[in-house]
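Structure assessment
This is what each chain is made of:
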Amino acid sequence: MPTQEKAGPPMSATTSHVPTPAWPMRGTSRSERPERVTVAVYAADPVLRLGVVQQLRQRPEIDLLADAHAGGAEVSLVVVDHVDDDVAALLHRLRHNSATRTGLVVATLGTGSLQRVIECGVAAVLRRAEADQDQLLRLVLAIANGEGVLPGDLLGKLLTHVGSLQRAALDSRAVSLSTLTTREADMLRMVSEGLDTAEIARKTAYSERTVKNVLHEIITRLQLRNRAHAVGYALRNGLI
């Protein structure tokens, strides 16, 4: 007999554990349908949630999981407008679930946010404007096959960023004394806005210890005295 769908509350990216999926879905087990990819969908906005779920529900390749089975999904899709602290916290929690690989369907994503979601373990990114049924299916199947997917322009920016880091690492005369990583620049910018360590940690979804280590690394590498000196140096040199 087919599994009865059950209703459940919408998920919230602010829960303290890996949340349940964002929509009531079928709970058919993977063993019954080994050719289907099990998927859990997460979204705080019910409109976004409904759109993605309705698209995927029509595909026989997809097995949308019920709340109780979400932790065992092969693919977790997070559907958002942009990446904020709550979304980053959700992505971090999903990263620690070894049973799933995560994809992001997002409206806007800059280079800095791209680095952030990659650090959160996101395997693939799709812009919401391009998220029709076929593109969503391709995204899910690629993630399930262990592939990484990025929009072409974001991939180009990422490769450029990685290339610049590699060139700096290979050039012994330019050991990054005049450059900052995106994460370092973001944290220094927050220092310049008056945020303390705890506030920066909350906004970036890093621990306070990581924030302190990053800022200490900047000060040490640039041979500066303190955070204020680092902010002044970065502003003078156009690094933030």
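As shown above, the structure is provided for reference.
Residues numbered from 1 in each chain as written. Predicted model: local features only at pLDDT ≥ 70, side-chain atom pairs only at ≥ 80, totals over all residues. Heavy atoms only, no water.

Moving on, we come to the pattern of salt bridges. Overall, the coordinates contain 7 salt bridges when judged by the stated rule. Across the pair Asp81 and Arg128 runs a salt bridge whose closest N-O atoms are separated by 2.4 Å. Taken together, the residues Asp81 in the loop between strand 3 (75-80) and helix 2 (85-95) and Arg128 in the loop between strand 5 (122-127) and helix 4 (133-144) connect sequence positions 47 residues apart. Residue class for Asp81 comes out partly exposed when judged on its relative accessible area of 36%. Residue Arg221 is joined to Glu184 by a salt bridge in which the shortest nitrogen-to-oxygen separation is 3.0 Å. Of the two residues, Arg221 is situated in helix 8 (residues 208-221) and Glu184 in helix 6 (residues 182-192); the sequence distance between them amounts to 37 residues. What you see here is one network of salt bridges that share partners, running through Arg59, Glu61 and Asp134. (Salt bridge = Lys/Arg side-chain N within 4 Å of Asp/Glu carboxyl O. Helix = DSSP H or I, 4+ residues; strand = E, 2+ residues; numbered from the N terminus. Buried < 20%, exposed > 50% of the residue type's maximum accessible area, 1.4 Å probe, protein only.)

This paragraph deals with the packing of helix 1 (residues 46-57) against helix 4. Where helix 1 meets helix 4, the closest approach of the two axes is 9 Å, and the angle between their N-to-C directions is 80 degrees. With respect to helix 4, the axis of helix 1 lies roughly perpendicular. Here Val52, Gln55 and Leu56 of helix 1 come into contact with helix 4, specifically with Gln133, Leu136 and Val140. Taken together, the residues that form the contact of helix 1 with helix 4 break down as 4 nonpolar, 2 polar and no charged. (Axes fitted to C-alpha atoms, helices over the stretch in contact; angles between N-to-C directions. Parallel < 35°, antiparallel > 145°, perpendicular 65-115°, else oblique. Contact = heavy atoms within 4.5 Å. Nonpolar A, V, L, I, M, F, W, Y, C, P; charged D, E, K, R; others polar.)

Let us now look at helix 8. Between its terminal C-alpha atoms helix 8 stretches 20 Å, which fits the 20 Å expected from 14 residues at 1.5 Å a residue. Among all positions of helix 8, only Val211, Val214, Leu215, Ile218, Ile219 and Arg221 are buried. Looking at the buried residues of helix 8, the elements they touch are helix 6, helix 7 (197-204) and helix 9 (227-236). A positive backbone phi angle near 55 degrees is found at Gln223, which sits one or two residues after helix 8. (Expected span 1.5 Å × (residues − 1).)

Turning our attention to the side chain of Arg49. One can find Arg49 in helix 1. Within the buried core, Arg49 has no salt-bridge partner, and the shortest N-O distance to an opposite charge, that of Asp45, equals 6.8 Å. Of the polar contacts made by the side chain of Arg49, one reaches the backbone oxygen of Ala43; its length is 3.2 Å. (Lys, Arg positive; Asp, Glu negative; His and termini not counted. Polar contact = N/O pair within 3.5 Å; in protein donor to acceptor, adjacent residues only side chain to side chain.)

Moving on to the packing of aromatic side chains. On inspection of all chains with the given rule, the structure shows 0 aromatic pairs. Sitting above the plane of the Tyr206 ring, Arg183 keeps its charged end 5.1 Å from the centroid. (Phe/Tyr/Trp six-rings, centres within 6.5 Å; stacked < 30°, edge-to-face > 60°. Lys NZ or Arg CZ within 6 Å of the ring centre and 35° of its normal.)

Right, let's get into the sheet that holds strand 4 (residues 101-106). Backbone-to-backbone hydrogen bonds join strands into a sheet, with any given pair of strands oriented parallel or antiparallel. Strands sit in the order 2-1-3-4-5 across an open sheet of 5 strands; the sheet is parallel. This sheet does not close on itself; its edge strands, each paired only once, are strand 2 (62-64) and strand 5. When strand polarity is set aside, the average angle formed by the axes of neighbouring strands in this sheet is 30 degrees. Contacts between helix 1 and the sheet are confined to strand 1 (37-42), strand 2 and strand 3, with strand 3 contributing the most and set at about 140 degrees to the helix. (Pairing = 2+ DSSP bridges.)

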